[in-house]
Amino acid sequence: MNDPQNAYRELHDFQLETAYYQSLGALAGWDQRTYLPAKGHEHRARQFAALAKLLHQRRSDPRIGDWLEAAAAAPFMQDPKSPEAANVREWRRAYERTRRVPEDLAVALARAQSEGESAWEELRRRNDWEAFRPYLERLVRLTREYAEAVGYQTEPYDALLEDYEPGERARSLQDLFAVLGRETRALLDAILGSAKQPPAGVLEGDYPVETQARVVRELVGRIGYDLDGGRIDPTAHPFELSVGPGDVRITTRYFPNYLGSALFGAIHEAGHAMYEQGLPAEYWGTPAGEAAGMGVHESQSRLWENAVGRSRGFWLYFYPLLQSNFSALANVGLDEFHRAVNAVRPSLIRVEADELTYNLHIQIRFELELALFRDELSVADLPGAWNAKYREYLGIEPPDYKDGVMQDVHWAGGLFGYFPTYTLGNVYAAQLFEAAKADLGDLEEAFARGEFAPLLTWLRQHIHSQGRRYQPRRLIERASGNPPTAAVLIGYLKKRFGNLYDI
Ligand code: ZN
């Protein structure tokens, strides 16, 4: 027990066993979101509750503290970049956070989150903000208590960010969004004033679902998603879920009259899945074998969905596959199609937003969350503040709560601090794509030849294989040569939409 190496080994085996239980839960979660019979949900909820209790007990087991203390003297701790040292650091961080939250608060928060989500499903459908408001008020109150319990240096919101993107801070995000938002709105004005608008209706038409499923499968396989270690299923809300090495699954959603959802949903989720498939399997179940953070995860999906999947080179290669499968595209030229998949239009719904305006949706949510947790805004005033920001940033206003302040599940589930990771993903993706181009040459030419392996190999080397060895900002800085800022993303967006809209 006193021997540092022994302590590390015991800790490692204990954490690995926890990870196996957790991955069985992940598998049950995949099943719940895909093929679970309607009558099975109640039993599944009880299974999850039992598992959550077991996992909480294991994560707060006081032996972890003893093992961590003993392992701190191990020789591998001399090299902070070693996988073992990274594991000890991350295990300590997780253990201390878990231990700081009183059990009654953890239980109250978990209950408020699950009740909030259930209430949201029903109340959003009925557009009933007043009935939903008390759930949200309770969630904000408990989340604030949580932030106070885990602690922070500058402000409570930083404590929340720490759960999704370790090391990220509210103040630096504010600066990032201020610059990005200003530039995005200037670009949006220019686009809306351009005479060269994309053709409408190209992606709407007769797109048989079985054909879409076949084409999508072919496409994600060719860009590098290993289907022998994965599968793709239909769901209402696309997601990626990793069970473990050799089993990384994705879903997408199909509309018989619209091609865009299935196509870009699948490429996006395949981007997440390729990250999981590229994590070092020998460290599975430990931080060294885990993704670095939600923003880094999102950078992988955004990079493949947008930088790759909406590029001209990509469609030079893939458009024949689409044209030969869908008669709706028989008379649509490549240029027309390429412009259609890059159409920019202010819209109310985040998940359907284009590549440019997406960040404005995130900025709105981030600014409102920050105001809530800085006590500058009350939950009661949230709908008015939401609508005012949509008017200001996107020039449109939601006609109801359903497609306004109640549109996302995140707040209903208590996920405050999560939204900014979507934009961080875009920021990281732009920097990684630039850096990969600098190393590999003209990537679009490679895409046009169907060569995606060089890019994937580059990402494997610089991001995937690193696991959680570095904090996100440091990982991106190492891979791209610069700490994350909005500058590269702004340059990328200006170039892409400047060409497409002649501005
Ligand atoms: Zn994603």
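Conventions adopted
- Residues numbered from 1 in each chain as written.
- Predicted model: local features only at pLDDT ≥ 70, side-chain atom pairs only at ≥ 80, totals over all residues.
- Heavy atoms only, no water.
- Buried < 20%, exposed > 50% of the residue type's maximum accessible area, 1.4 Å probe, protein only.
- Helix = DSSP H or I, 4+ residues; strand = E, 2+ residues; numbered from the N terminus.
- Pairing = 2+ DSSP bridges.
- Donors = N, O, S within 2.8 Å, 3.2 Å for Na, K, Ca; no water.
- Axes fitted to C-alpha atoms, helices over the stretch in contact; angles between N-to-C directions.
- Parallel < 35°, antiparallel > 145°, perpendicular 65-115°, else oblique.
- Contact = heavy atoms within 4.5 Å.
- Nonpolar A, V, L, I, M, F, W, Y, C, P; charged D, E, K, R; others polar.
- Left-handed = near helix turned anticlockwise from the far one by under 90°.
- Phe/Tyr/Trp six-rings, centres within 6.5 Å; stacked < 30°, edge-to-face > 60°.
- Arc of directions from axis to C-beta.

This next bit is on the pairing of strand 2 (residues 240–244). With respect to burial, strand 2 is a largely interior element, 4 of its 5 residues being buried. Pairing geometry for strand 2 and strand 3 (residues 247–252), over 4 bridges, is antiparallel. From the neighbouring strand, Leu241 faces strand 3, where its bridge partner is Arg249. Between the end of strand 2 and the start of strand 3, which pair antiparallel, lie 2 residues, with Gly246 showing a positive phi angle near 85 degrees.

Bound to the zinc ion on the protein side are His268 (NE2), His272 (NE2) and Glu298 (OE), at distances that span 2.1 to 2.3 Å. Read from N- to C-terminus, the donor residues coordinating the zinc ion fall into the pattern H-x3-H-x25-E. On the criterion of helical spacing, the pair formed by His268 and His272 is a turn pair, its members being 4 residues apart in helix 10 (residues 260–278). Both residues of the pair, His268 and His272, count as buried.

Orientation of helix 16 (residues 420–440) relative to helix 20 (residues 487–501), taken along the N-to-C sense of each, is 75 degrees, at an axis distance of 8 Å. As judged from the angle between their axes, helix 16 and helix 20 are roughly perpendicular. Side by side, helix 16 and helix 20 meet where Asn426, Val427, Ala430, Gln431 and Glu434 of the first sit next to Val488, Leu489 and Tyr492 of the second. Within the contact of helix 16 with helix 20, the residues separate by chemical class into 5 nonpolar, 2 polar and 1 charged.

Let us look at the pairing of strand 3. Strand residues, when the strand is regular, have side chains that alternate between the two faces of the sheet. In terms of burial, strand 3 is largely enclosed, as 6 of its 6 residues are buried. Residues Asp247, Arg249 and Thr251 point to one face of strand 3 and Val248, Ile250 and Thr252 to the other, with burial holding for every one of them. One ladder, built from 3 bridges, connects strand 1 (residues 232–234) with strand 3; its direction is parallel. What sits directly across from Pro234, in strand 3, is Thr252.

A few words on the sheet that holds strand 2. Spatial strand order, 1-3-2: 3 strands in an open sheet with mixed pairing. Here the strands that pair on one side only, and so sit at the sheet edges, are strand 1 and strand 2. Between one strand axis and the next, the sheet turns by 25 degrees as a mean value, whatever way the strands run.

As for its placement among the helices and strands, Ile503 is situated in the segment after helix 20. Under the relative-accessibility criterion, Ile503 is labelled partly exposed at 44%. Along the backbone, Ile503 and Ile191 are 312 residues apart, and their C-alpha atoms lie at a distance of 7.2 Å. Not counting residues up to four positions away in its chain, the partners in contact with Ile503 are Leu187, Ala190, Ile191, Ser194, Phe497 and Gly498.

Below, the discussion takes up the packing of helix 8 (residues 170–192) against helix 16. At a closest axis distance of 12 Å, the pairing of helix 8 and helix 16 adopts a crossing angle of 65 degrees. You can see that helix 8 and helix 16 cross each other, and the crossing is left-handed. Residues Leu173, Leu176, Phe177 and Leu180 of helix 8 form the contact with helix 16, whose own contacting residues are Pro420, Thr423, Leu424 and Val427. Among the residues forming the contact of helix 8 with helix 16, the class breakdown is 7 nonpolar, 1 polar and no charged.

So, on to the packing of aromatic side chains. Across all of its chains, the model carries 30 aromatic pairs by this definition. Ring centres of Phe318 and Phe452 lie 5.8 Å apart, and the angle between their planes is 15 degrees; this geometry places the pair in the stacked category. Of this pair, Phe318 sits in helix 12 (residues 312–325) while Phe452 sits in the loop between helix 17 (443–448) and helix 18 (453–462); the two residues are 134 residues apart in sequence, bridging distant segments of the chain. A relative accessible area of 0% means that Phe318 is categorised as buried. Residue classification places Phe452 among the buried positions, given a relative accessible area of 1%. By the ring-pair criterion, three or more aromatic residues cluster together here, those being Phe264, Phe314, Trp315, Tyr317, Phe318, Tyr319, Phe337, Phe433, Phe447 and Phe452.

The next subject is the environment of Gly450. With respect to the helices and strands, the residue Gly450 is situated in the loop between helix 17 and helix 18. C-alpha separation for the pair Gly450 and Arg9, spaced 441 residues apart in sequence, amounts to 45 Å.

Take the side chain of Ser261 next. Tracing the chain through its elements places Ser261 in helix 10. Not counting residues up to four positions away in its chain, the partners in contact with Ser261 are Thr252, Arg253, Phe255 and Ala266.

Time to look at the side chain of Gln431. Structurally, the position occupied by Gln431 is in helix 16. Setting aside chain neighbours within four positions, we find Gln431 in contact with Ile476, Ser480, Asn482, Pro483, Pro484, Thr485 and Val488.

Another point: the environment of Leu219. Along the chain, Leu219 falls in helix 9 (residues 209–223). C-alpha of Leu219 to C-alpha of Leu329: the two residues are 110 residues apart in sequence and 17 Å apart in space.

With that out of the way, let us pick up unusual backbone geometry. In this structure, Asn127 is a non-glycine residue whose phi angle is positive, near 60 degrees. Here the phi dihedral of Asp502 falls at roughly 55 degrees; this positive angle occurs in a residue that is not glycine. The exposed category is assigned to Asp502, whose relative accessible area is 58%.

What follows covers helix 19 (residues 472–480). Looking only at helix 19, the buried set comprises Pro472, Leu475, Ile476, Ala479 and Ser480. Each buried residue of helix 19 sits inside an arc of 105 degrees when the element is viewed along its axis, so together they form one side. Looking at the buried residues of helix 19, the elements they touch are helix 11 (294–308), helix 16 and helix 18. Two residues or fewer after helix 19 comes Gly481, characterised by a positive phi angle close to 90 degrees.

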